[in-house]
Amino acid sequence: KTVAATFTSGGTVTFQEGVSSYVGTVDTHIRLLGPTTSYGTSATLEWDSEDGSAGQASSKYALLRFDNIFGSGTGQIPVGSTITSATLQYVVSNLTANSPSNVNEVLVDWTEATTYSTFGSIAGVQAEDYGTLVTTAPGTLAQTYPIDVISSLSTWSGNPTSNRGWIIRPAGTDGVQIASSDNTTV
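Conventions we followed
Residues numbered from 1 in each chain as written. Predicted model: local features only at pLDDT ≥ 70, side-chain atom pairs only at ≥ 80, totals over all residues. Heavy atoms only, no water. Pairing = 2+ DSSP bridges. Helix = DSSP H or I, 4+ residues; strand = E, 2+ residues; numbered from the N terminus. Axes fitted to C-alpha atoms, helices over the stretch in contact; angles between N-to-C directions. Salt bridge = Lys/Arg side-chain N within 4 Å of Asp/Glu carboxyl O.

(A) Structural detail: the sheet that holds strand 7 (residues 101-106). The 5 strands lie next to each other as 3-5-10-7-8, forming an open sheet whose pairing is antiparallel. With partners counted over all chains shown, the strands left at the sheet margins are strand 3 (25-31) and strand 8 (130-137), one partner each. The average angle at which neighbouring strand axes cross in this sheet is 25 degrees, direction not considered. Of the strand pairs in this sheet, strand 7 and strand 10 (residues 166-169) are connected by 4 bridges, and their pairing is antiparallel. Bridge pairing links Asn-104 to Ile-167 in strand 10.

(B) Spotlight on the pairing of strand 1 (residues 2-7). By the bridge criterion, 6 bridges tie strand 1 to strand 6 (residues 83-91) in an arrangement that is antiparallel. Across the sheet, Phe-7 pairs through a bridge with Ile-83, a residue of strand 6. Here 5 bridges tie strand 1 to strand 2 (residues 11-15), and the two strands are oriented antiparallel to one another. Along strand 2, the bridge assignment pairs Ala-4 with Thr-14.

(C) Region of interest: the pattern of salt bridges. Scanning the model with the defined rule gives 3 salt bridges in all. Between Lys-60 and Glu-46 there is a salt bridge, with the nearest N and O atoms lying 2.5 Å from each other. Of this pair, Lys-60 sits in strand 5 (residues 60-66) while Glu-46 sits in strand 4 (residues 44-47), and the two are 14 residues apart along the sequence.

In structure tokens form, the structure reads like this:
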């Protein structure tokens, strides 16, 4: 996963775990079928609305955040910058994915140790845990996808502490897998 932003006062910056000394990616997925299990060290991020036996409605959600991307340091986006473009890029690794899913900003604090039972004030993913739709995340083929996240980075530029990342909420019955920040391949 990579997030790239272009801003009016200084060009373009790219953040990818393990590249150019960046180590601020926080990611995990949470599962109804593993409500107390942490997947923060898993090599993949996954989202699926049919997790488990065929036809069983049981959701899996991906959580993703890039920390320390705003500030006055080298390679950071200056706080308050006008963002002119921002793209989140990811590579789908499974061959059977079939649906674009919803990407929303997260409104609650979370860590890589967060589980389905500990996400938000009520176990599971509730409407008050995420904001309005940012975009959709395609996942129909094993390929690289860029999605537009300018609205999120523009908001976070004005208030970096509001960056709680994104949640990818499944919209289809066939899951999607992408490499996590713990994957051995950068």
